[in-house]
Amino acid sequence: MERYKSLVLICTIGIMLILGGCVRPSSGSKTPTQAELVERIIARMPAEEKVGQLIVGGLHGLMPDEATDEFIAKRHFGGFILFDRNLRAPEQVRALTSGLMRRNEEAQAELDPHHPGVPLFICVDEEGGKVARFRDHIAAPPSEEALGKGEETAAARVWAVKTAKALRSYGINLNFAPVLDLGLPPERSYSTDPARVTMFGNAAAAGYTQEKFSFVIKHFPGIGKGREDTHLGNVVVDTTIAQLESEDMIPFRNVLFGRVGGNCAVMVGHVVYPAVDAKHPASLSHAVITGLLRQKLSYDGVVFTDDLEMGAISKQYDFGEAAVMAVEAGADVILVCHEYEHMREAYDGLLEAVNSGRIPQERLDASVRRIIRMKLASGK
């Protein structure tokens, strides 16, 4: 009998050694904090995957294609933005978004099956009014101008909740809204009054936060004073720093207060503000992103650039250099929304800058840390 007991004990120990990580930890094991989990994820990431987290690209069709597979499996893009060209019917949209997530999970499992993967940002511009996607199937919110003319700020919260629920039902997890610019045409601003924009912006932010849905306020430090369109070319706003701080930046300061590290991020526009940086558009400006946003407003959350394919950037810089300059300025996520080759150029430029040391490893890790933190805060 004693010999039998010894044999059972030896077999049991052997099985436990073979199973290794498959044996569940005891009830006394400590569950890692979110901060510890983020650091574990970063520690196992190769540079190629970290760089990919900095890119949100676009899709050409209704379903993932060969280029999409490349961007997920080889370049490890952090997300994709959808336009009406990608949205035809409810079942198709759900198949598209679930297909993107599945490919991402499979690609990360191949890299390291023993560590949790990082979900994609799947994004849209669902501002309301004229800027809304998938109108036949998602109720477009009223324009911000229409909401801002009303007496009840609660309407902005109600619409944010409705929008978050509708987008999530299609597998979309991030909205580039609300707009906090003052008097941005056409109908894209709550008001020209910073206090009123703050009230409605805070209400919308509360709605998204209630739903634990990621949202992006835009376009820091405020493009409402611009007289041209950055989609077409260079736009310069001659205003003093004092005026920016006392008018355009007020809604950003107030909406961001108390929301750092959660489901709220900031998009920086492409306007040039000579009083702050006479040479660079805001999205590539260290003085704007690091000086004003990160230091003056004490913001340590995720910073998105506006689309680098807009004329204000694409007519002056190549995509690789623009992406690198944006990260050097303090941005975390680079938007390249339309042409596949431009997305490749942005990724390759960033990877080359990391490998050469132009972008230090600690600078890269800082962006990846903020991105993962935001993704985990809102879930998939």
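Residues numbered from 1 in each chain as written. Predicted model: local features only at pLDDT ≥ 70, side-chain atom pairs only at ≥ 80, totals over all residues. Heavy atoms only, no water.

Further remarks concern helix 14 (residues 340-356). Compared with the 24 Å implied by 1.5 Å per residue over 17 residues, the 24 Å span of helix 14 between its first and last C-alpha is a close match. Looking at helix 14, one finds that the buried residues are Tyr340, Met343, Arg344, Ala346, Tyr347, Gly349, Leu350, Leu351, Ala353 and Val354. Check the buried side of helix 14 and you find it contacts helix 3 (47-53), strand 1 (55-58), helix 4 (66-73), helix 13 (319-329), strand 8 (334-336) and helix 15 (361-378). At the exit of helix 14 stands Gly357, carrying a positive phi of roughly 90 degrees. (Helix = DSSP H or I, 4+ residues; strand = E, 2+ residues; numbered from the N terminus. Expected span 1.5 Å × (residues − 1). Buried < 20%, exposed > 50% of the residue type's maximum accessible area, 1.4 Å probe, protein only. Contact = heavy atoms within 4.5 Å.)

Interaxial distance between helix 11 (residues 286-296) and helix 13 falls to 7 Å at its minimum, and their mutual angle equals 25 degrees. Between helix 11 and helix 13, the crossing angle belongs to the class labelled roughly parallel. For the crossing formed where helix 11 meets helix 13, the hand is right-handed. Contact residues: His286, Ile289 and Thr290 in helix 11; Ala326, Glu328 and Ala329 in helix 13. Classifying every residue of the contact of helix 11 with helix 13 by side-chain character gives three nonpolar, two polar and one charged. (Axes fitted to C-alpha atoms, helices over the stretch in contact; angles between N-to-C directions. Parallel < 35°, antiparallel > 145°, perpendicular 65-115°, else oblique. Left-handed = near helix turned anticlockwise from the far one by under 90°. Nonpolar A, V, L, I, M, F, W, Y, C, P; charged D, E, K, R; others polar.)

Where burial is concerned, most of strand 6 (residues 264-268) is hidden: five out of the five residues are buried. Burial of strand 6 is two-sided: the residues Cys264, Val266 and Val268 facing one way and the residues Ala265 and Met267 facing the other way are all buried. Sheet topology places strand 6 next to strand 7 (residues 303-305); three bridges connect them, and they run parallel. Paired with Val268 across the bridge in strand 7 is Thr305. With helix 11 bridging strand 6 and the parallel strand 7, this β-α-β connection has right-handed handedness. (Pairing = 2+ DSSP bridges. Right-handed = clockwise from strand over helix to strand, strands pointing away.)

For helix 8 (residues 194-210), built from 17 residues, the straight-helix expectation of 24 Å at 1.5 Å per residue is met to within 8% by its first-to-last C-alpha distance of 24 Å. The complete set of buried residues in helix 8 reads Pro194, Val197, Thr198, Phe200, Gly201, Ala203, Ala204, Ala205, Ala206, Gly207 and Tyr208. The secondary structure elements touched by the buried residues of helix 8 are helix 6 (144-148), helix 7 (154-169), strand 4 (174-175), strand 5 (214-220), helix 9 (241-248) and helix 10 (250-256). Looking at the residues trailing helix 8, positive phi occurs at Lys212, about 55 degrees.

Formed by 116 residues in total, the largest nonpolar core has its most connected members in Phe176, Ile217, Phe220, Leu293, Phe304, Ile334 and Leu350. Filtering out sequence-adjacent residues up to four positions away, Leu293 remains in contact with Phe220, Leu256, Val266, Val268, Val288, Ser298, Tyr299 and Val303. (Core = buried A, V, L, I, M, F, W, Y, C linked by side-chain atoms within 4.5 Å.)

In this fold, His76 is placed in the loop between helix 4 and strand 2 (79-81). A polar side-chain atom of His76 sits 3.3 Å from the main-chain carbonyl oxygen of Lys74. (Polar contact = N/O pair within 3.5 Å; in protein donor to acceptor, adjacent residues only side chain to side chain.)

Moving on, we get to empty space enclosed by the protein. Summed over all chains, the structure comprises five cavities of 30 Å³ or more. Space inside the largest cavity adds up to approximately 120 Å³. Every element with two or more residues in the lining of the largest cavity is listed here: helix 6, helix 7 and helix 8. Its residues placed into classes, the lining of the largest cavity shows 11 nonpolar, one polar and three charged. (1 Å grid on protein atoms, 1.4 Å probe; cavity = no way out; pocket = protein on both sides within 12 Å on 5 of 7 lines; lining within 4 Å. Points joined across faces, edges and corners; volume = space filled by probe spheres on them.)

Here we take up the sheet that holds strand 6. One open sheet accounts for eight strands, arranged 7-6-5-4-3-2-1-8; its pairing is parallel. The sheet is open, and its two edges are formed by strand 7 and strand 8, each paired on a single side.

Let us look at the side chain of Glu127. For Glu127, the location among the structural elements is in the loop between strand 3 (121-124) and helix 6. Among the polar contacts made by the side chain of Glu127, one reaches the side chain of Arg188 at a distance of 2.7 Å. Leaving out residues up to four positions away in the same chain, Glu127 has contacts with Pro141, Pro142, Phe176, Ala177, Val179, Arg188 and Lys218.

The next thing to look at is unusual backbone geometry. In this structure, Pro186 follows Pro185 across a cis peptide bond, with omega equal to -15 degrees. Within the secondary structure, Pro186 sits in the loop between strand 4 and helix 8. Cis geometry is found at the peptide bond from Phe220 to Pro221, where omega equals 0 degrees. Inspection of the secondary structure assignment puts Pro221 in the loop between strand 5 and helix 9. Even without being a glycine, Phe134 presents a positive backbone phi close to 55 degrees. Tracing the sequence through the fold places Phe134 in the loop between strand 3 and helix 6. Accessibility expressed as a relative area gives 5% for Phe134, which makes it buried. For Lys212, which is not a glycine, the phi torsion comes out positive at approximately 55 degrees. Considering the arrangement of structural elements, one finds Lys212 in the loop between helix 8 and strand 5. For Lys212, a relative accessible area of 58% gives the class exposed.

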